[in-house]
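So the chains spell out like this:
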Amino acid sequence: MIRFEGVSRRYGEQAAVDRVTLEVPRGSICVLLGESGSGKSTLMRMVNRLVEPSAGRVLVDGRDVAGADPEELRRGIGYVIQSVGLFPHWRVADNIATVPRLLGWEPARIAARVETLLELVGLEATLFRDRFPHELSGGQAQRVGLARALAADPPLLLMDEPFSALDPGTRRGLQVALREIHAETGKTILFVTHDVEEALALADRLAVLDQGQLVAQGRPAALLEGAAQGPVRRIFGEESLAFHRLATLPARSLARVGDADALPMLPADATLKQALMLMLSENSARLALPAEAGFGGGTLHWTDLVTAR
Ligand code: ADP
Ligand code: MG
């Protein structure tokens, strides 16, 4: 879907992005993770040509974006940023309708699309359609920003630290909403964050940037397997690496066959991190896992969890 080929961007002497080659498969959520100033936004903004590469090329669906008309390119790519950027004097419905209007859709089709999108991002249309941006909370505004980015049904979404300004609870709610929207729509999503837990909550694929260079990429579980080294170890935090690794592994991978009667129950798709949290909050060294297609159910034991590698 997106392919960065030996892409660099220099500002004077400094390389903000330094020879990055990376592929974002169609339908995946790929998270670009790195500390502030590591080049995440610069790399992302080369996809919709808000930044031009100094070297290398960026392909979207096999097409070099350098040959595309920037306006047309951007209409086909949803873009969500931290500050949302809703038009303050436009109602929610008009904000969401921005791109469909540019594309000349019929008013009835636009109105129907706005309803669908508000529902998709978890806002009741009758309550929110006619509000102005100043009548929204930060989390609600960010949901509207997401709806606006999805308005013309682009196959690709770029999201640059969209949830970074939100409080932890609101942020988790939006992460869950985004995963659901992704499951429902199959969009390809490139998501930038400096937040390790957010990255692990969202990513099918992780790409770790450090000082403009891609220092690791792959599935989260593979990336944190064993003793991660170098920048990855630093970025994930030396002392919490083992904890973060639990977020990349399914709880059922350690399930035992056993009597689960009266034990606290985990969701079938829980991770080992969720299991640990439930053990702590329920003061229980054993949990139950429900049976699901291809899995007979079972129990999860604290001793297996702490010795898992
Ligand atoms: P991140 O998004 O990971 O925080 P950025 O991609 O915004 O990082 O920036 C990477 C580096 O490039 C930083 O050191 C930043 O100061 C520099 N940089 C970004 N944009 C410009 C610009 N337009 N002019 C000069 N330097 C820039
Ligand atoms: Mg940035």
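Residues numbered from 1 in each chain as written. Chains lettered and ligands numbered in written order. Predicted model: local features only at pLDDT ≥ 70, side-chain atom pairs only at ≥ 80, totals over all residues. Heavy atoms only, no water.

**Regarding the site of ligand 1**
Heads up, the condition is: Proximity criterion: a residue is near a molecule or strand once any of its heavy atoms comes within 4 Å of it. Polar contact is the term for a pair of N or O atoms within 3.5 Å; when the atoms are in protein, one must be able to donate a hydrogen and the other to accept it, and sequence-neighboring residues count only if both atoms are side-chain atoms. In short, Shrake-Rupley with a 1.4 Å probe defines the accessible areas, and a residue's cover is counted only from the protein chains shown. Each helix corresponds to a stretch of at least 4 residues labelled H or I by DSSP, and each strand to a stretch of at least 2 residues labelled E; elements are numbered beginning at the N terminus. Side-chain classes are defined by residue name, with Ala, Val, Leu, Ile, Met, Phe, Trp, Tyr, Cys and Pro counting as nonpolar, Asp, Glu, Lys and Arg as charged, and the others, Gly among them, as polar.
Close to ligand 1 lie Tyr-11, Gln-14, Ala-16, Glu-35, Ser-36, Gly-37, Ser-38, Gly-39, Lys-40, Ser-41 and Thr-42. A distance of 2.7 Å separates an oxygen atom of ligand 1 from a polar atom in the backbone of Gly-37. Measuring from an oxygen atom of ligand 1, one finds a side-chain N or O atom of Thr-42 at 2.5 Å. Protein burial of ligand 1: of its 560 Å² of free accessible surface, 59% is covered by the chains. Contributing elements (two or more residues each) for the shell around ligand 1: strand E2 (14–24) and helix H1 (40–45). Considering only residue class, the shell around ligand 1 consists of two nonpolar, seven polar and two charged.

**Section: the nonpolar core**
Worth spelling out the cut-off: Residue types Ala, Val, Leu, Ile, Met, Phe, Trp, Tyr and Cys, when buried and joined through side-chain atoms within 4.5 Å, form a set referred to as a nonpolar core. When accessible area is computed with a 1.4 Å probe and restricted to protein chains, residues below 20% of their type maximum are described as buried, those above 50% as exposed, and intermediate ones as partly exposed. We call two residues in contact whenever any of their non-hydrogen atoms come within 4.5 Å of each other.
With 52 residues, the main nonpolar core has Ile-96, Leu-146, Met-159, Leu-206 and Phe-236 as its most contacted residues. Take this core: its biggest share by element is six residues, from helix H7 (residues 138–150). Excluding anything up to four places from it in sequence, Met-159 contacts Met-44, Val-80, Leu-146, Leu-178, Ile-189, Leu-190, Phe-191 and Val-192.

**Side note on the pairing of strand E8 (residues 188–193)**
Using the following cut-off: Strands qualify as paired when DSSP identifies two bridges or more between them.
Of all six residues that make up E8, six are buried, and the element is covered over most of its length. Of the two faces of E8, the one holding Thr-188, Leu-190 and Val-192 and the one holding Ile-189, Phe-191 and Thr-193 are both buried throughout. Where strand E3 (residues 29–33) lies against E8, five bridges are found, and the strand directions are parallel. When the sheet's bridge partners are listed, Cys-30 is paired in E8 with Leu-190.

**With respect to the pairing of strand E4 (residues 55–60)**
Each regular strand shows side chains that alternate between the opposite faces of the sheet. Note that strand E1 (residues 2–11) and E4 share five bridges and pair antiparallel. Its bridge partner lying in E4, Phe-4 is registered against Val-58. As paired elements, E4 and strand E5 (residues 63–64) share two bridges and run antiparallel to each other. Paired with Val-60 across the bridge in E5 is Arg-63. The loop that links E4 with its antiparallel partner E5 comprises two residues; one of these, Asp-61, has a positive phi angle of about 55°.

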